[in-house]
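A look at the structure
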Amino acid sequence: MHGHADADRKIRVFVADSNVMNGELIVGALKRCGDRFDVVGCASNHAGAVQILEKFNPQVAVISTELQDGPLSGFRVLHHLRATNSQAGVIMLMDGSDRELVIDSFRGGARGVFCRGESVKSLSKCICAVKNGQLWMNNEQMTFLLELVRRVKPLQLSTMRDAKHLTKREAEVVRFVAEGMKNSEIGAALGVSEHTVRNYLYRVFDKLGLSSRVELVLHALTEEQNSPPTHGPPLQRSAH
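This section reports on the structure supplied with the text. Fair warning: this is a prediction, and the values are worked out from it, not measured in the lab. (Residues numbered from 1 in each chain as written. Predicted model: local features only at pLDDT ≥ 70, side-chain atom pairs only at ≥ 80, totals over all residues. Heavy atoms only, no water.)

**So, the sheet that holds strand β3 (residues 60–64)**
Taken together, the five strands give an open sheet; going across it, the order is β2-β1-β3-β4-β5, and neighbouring strands pair in parallel fashion. Each of the sheet's edge strands pairs with one partner strand only, and the pair in question is β2 (37–43) and β5 (112–115). Ignoring which end each strand starts from, the neighbouring axes of this sheet average 20° apart. As paired strands, strand β1 (residues 11–16) and β2 are joined by six bridges and run parallel to one another. Bridge pairing in β2 places Phe-14 opposite Gly-41. Its contacts with the sheet place helix α3 (residues 46–56) against β1, β2 and β3, and it is angled at close to 150° to β2. (Pairing = 2+ DSSP bridges. Helix = DSSP H or I, 4+ residues; strand = E, 2+ residues; numbered from the N terminus. Axes fitted to C-alpha atoms, helices over the stretch in contact; angles between N-to-C directions. Contact = heavy atoms within 4.5 Å.)

Encoded structure:
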């Protein structure tokens, strides 16, 4: 009975990497992480990845942006998971913090990005965080998302699905966060303390069902992209 319970507690993980040896090294490292993970398979191309994903239904999938099918072919696997409404949390594995790859990963539905060269301990933490519904990125990668937000027009919060539940002041805080402002800057703009800004954010998180500042930014972007504007022209993006 204990063995079955232990197996249930393990996180089912899938790995896809264009280099078979690198994939096997990741699998071996995860298997040595104190019985925390049940690695259900490893693939090096799109077809093999899809076959394993459909058979074993992992909770977390670590997918290299490039598989043997060619550059960016890992995104095909990510899009397949999204199209099939898979509940697997996806971590995109990349060689470095390439700005466009990071942005495209989160736009495509990934819950985390992880760079090669970081420690197995960090990857273990990343997998556990994504399994628990959190986002995973480093400060540089978070900056890429905030820079993206700064290039779009101020959000029309009236188009957001849950905006009607926000007070006028909470909506202002969301707009400032989506524009990349820090709590101290928001406090200065509104004439309140950072502590008060944090309290507003906690209430916004609760009303929108979110758990972090980054999720709020992504939520705001998603709502703006998916909702037709009630006034004015469509959202315009910078050409660069």
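The discussion continues.
**Quick look at the pairing of β1**
With respect to burial, β1 is a largely interior element, five of its six residues being buried. Taken together, β1, helix α2 (residues 20–31) and β2 constitute a β-α-β crossover, and its handedness is right-handed. (Buried < 20%, exposed > 50% of the residue type's maximum accessible area, 1.4 Å probe, protein only. Right-handed = clockwise from strand over helix to strand, strands pointing away.)

Everything listed is a geometric property; what it means functionally is a separate question.
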